[in-house]
Amino acid sequence: MIQGVNQRLKPLVVFSSFVLLAALAVSFGSQVVSGQASQPLSPAPYRVGERLTYNVSFSNFISAAHIELLVAGHGNFFGRDAIQLKGHIETTGMVNAALFAVNNDYITYVDPASGVPFRGQQILRAASRTSDTSADFNQPAGVAALPAKRTGESPGTYDFLSVIYRVRALPLSPGSTYFMTVRDGNDSYVIEVGVTGNEAIKTNVGTFNTIVCRVRFRGNSQLTGYGVKIYFSDDQRHVPVLVTARHPAGEIRAELAGSEFIATPPVPPTPGPTPLAITPLTQPQLVITPPRGNGTPQSGSNDSAADNVGSLGELPFKVGEQLNYQVFLPNIALPAATANFQVRAHSKYFDHDGLLLTLSAQTSNALQSLFVANDVVTSYVDPKTLLPFHTEFSLNEGRRHFTSKLAINQDYGTATSEKGDRIEIPVGTHDYLSFFYALRTFSLAPPRRSAISILVNNKPKTLFISALRKENIQLGSQTIPAIQISLTTDDAESDKYQLRAWISDDSRRLPLRLTAVTQLGPIRADLAIVPVTRQ
């Protein structure tokens, strides 16, 4: 089945590694596009230090992958004046576990005058194999060496990174059409990018006025049938705010999650080859600052939270940390479900400086014949207090579907739903997800006992955290020193579910194991892979 999905996804990859790479098809390699050198080239998209991040959803998977794009430098590379572009794509959650385990990096060097690449490198990591390849495009420098073929087209071979920036550097005038040639190995495809109008797009980082472009594949009705649309910000930078495509397996959406300008390392003054080995951009991810104001990315000063890189101080986790858990039920040997916790970004959300935390949990094949669940919880928290200011739920459990958004005002002690319902809460109230991370900052020396307020089913509850004892626990082949804690409430049956957790007895404070007693019997969630060092 998965092999069939792979084969159906491959043609989609041929168009654009930008979103369709992120649409779980990156393992088939990068695309190459030909095209726009004779068209006007705006320098705005090539500003050094620009970092864009995207969240990718696929079918029912709300968070299937994320993408990072970076203008890494401008200097002398391989004996030529060039701009260095970097890209990273990584699948997450159930998609990463069951469909495509992808963690790839790309580097491309382009001519500053034309945007045409002359060298590219890609490191593809899939399952147990890694490939590291480089290619020279053998194209002359400058625009003049590349005569135009037709109106709206200029030749020159692009890879997936360079074409993203080259299209952004076009005027994208109303009613205009631009042609490019896409090459994948020995196969070539002529694509047509047409400007169809304008539309306001609302994302988690703001509302954008956008230029809508549709993409067609000349002579290829199958690829054209995917109905690819790209929404560029209607400003100098033409930031891709949203990319959509209709695949038979479900809709693919890549949505802008953050935009910032960061400090980049200086380019070596002497020419020479850049080392092939590159560090993945997400190990660890840098702090991401989204656009200000109405969400339109700014092309001006660098006075954003980019100055706060590393400002999470002594927190036991960093942006980019990902913890994966396997959930076990009685009498079922295989994991019944998986859960993925992620510190996705440090950004400005809903006019607050915040950390974006996500939890995705899905039932596995071992349980899906009886029950199917696919839940996502998103929490935006203050990076200093870890208190939430916005929480979102998307729960799909059997025939039950539930979505909810809460705006939380910690100063006034209120939580307001998207329907306008107001909930009175104590100042300093956590949600499920913020508590998971705040717990890791607590002093847990036995027999210490702490208490917090937590929102449960839209009602505040008092949760008591009691450090019981220090002990070693076994996770796989590892024996790990841990602190066992109990979690009880202020209800009449305070320990009804016998909630217990084992937190690593080190500076990382990793939640190693979680247990409870439910109607199904004892349930256990174990950290699947214990990081060797702090992520």
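Keep in mind that this is a model prediction, so the values were computed, not measured.

1. A closer look at the pattern of salt bridges
Inference 1: Across all of its chains, the model carries 15 salt bridges by this definition.
Inference 2: With its nearest N and O atoms 3.5 Å apart, the salt bridge here joins Arg-214 to Glu-192. A residue pair is termed long-range when its members are at least 10 positions apart, and Arg-214 in strand E11 (residues 206-218) and Glu-192 in strand E10 (residues 187-203) qualify at 22 residues. No difference in accessibility class separates Arg-214 from Glu-192, as the two residues are buried.
Inference 3: The shortest N-O distance in the salt bridge between Arg-500 and Asp-495 comes to 3.0 Å.
Inference 4: Residue Asp-495 is classed as partly exposed on the basis of its relative accessible area, which comes to 29%.

2. Re the environment of Phe-350
Inference 1: Mapped onto the elements of the fold, Phe-350 is located in the loop between strand E16 (337-349) and strand E17 (352-363).
Inference 2: Given the relative accessible area of 36%, Phe-350 is considered partly exposed.
Inference 3: Separated by 145 residues in sequence, Phe-350 and Val-205 place their C-alpha atoms 7.2 Å apart.
Inference 4: Ignoring anything within four residues of it in the chain, the contact list for Phe-350 reads Asn-204, Tyr-380, Phe-389, His-390 and Glu-392.

3. A word on the side chain of Arg-344
Inference 1: Here Arg-344 lies in strand E16.
Inference 2: Buried and without a salt bridge, Arg-344 has Glu-68 as its closest oppositely charged side chain, separated by 8.0 Å.
Inference 3: Here the side chain of Arg-344 touches Asn-55 through a polar contact of 3.4 Å, side chain to side chain.
Inference 4: Only 2.9 Å separates the side chain of Arg-344 from the side chain of Gln-342, close enough to count as a polar contact.

4. Focus: the packing of aromatic side chains
Here the distance between the centres and the angle between the planes together describe a pair of aromatic rings.
Inference 1: For the structure shown, the criterion picks out 13 aromatic pairs.
Inference 2: Judged by centre distance (5.1 Å) and plane angle (80 degrees), the rings of Phe-78 and Tyr-109 are edge-to-face. Pair noted here: Phe-78 is in the loop between strand E3 (61-77) and strand E4 (80-91) and Tyr-109 is in strand E5 (residues 103-110), with a separation of 31 residues, a long-range link.
Inference 3: With relative accessibility at 25%, the residue Phe-78 sits in the partly exposed group.
Inference 4: Centroid distance Phe-317 to Tyr-437: 5.1 Å. Interplanar angle 70 degrees. Geometry classified as edge-to-face. Placement of Phe-317 in the loop between strand E14 (250-261) and strand E15 (322-328) and of Tyr-437 in helix H7 (residues 432-438) is noted, with a sequence separation of 120 residues between them.
Inference 5: By relative accessible area, which is 1% here, Phe-317 ends up buried.
Inference 6: Note on Tyr-437: relative accessible area 0%, which makes it buried.

How each quantity is defined
- Residues numbered from 1 in each chain as written.
- Predicted model: local features only at pLDDT ≥ 70, side-chain atom pairs only at ≥ 80, totals over all residues.
- Heavy atoms only, no water.
- Salt bridge = Lys/Arg side-chain N within 4 Å of Asp/Glu carboxyl O.
- Helix = DSSP H or I, 4+ residues; strand = E, 2+ residues; numbered from the N terminus.
- Buried < 20%, exposed > 50% of the residue type's maximum accessible area, 1.4 Å probe, protein only.
- Contact = heavy atoms within 4.5 Å.
- Lys, Arg positive; Asp, Glu negative; His and termini not counted.
- Polar contact = N/O pair within 3.5 Å; in protein donor to acceptor, adjacent residues only side chain to side chain.
- Phe/Tyr/Trp six-rings, centres within 6.5 Å; stacked < 30°, edge-to-face > 60°.

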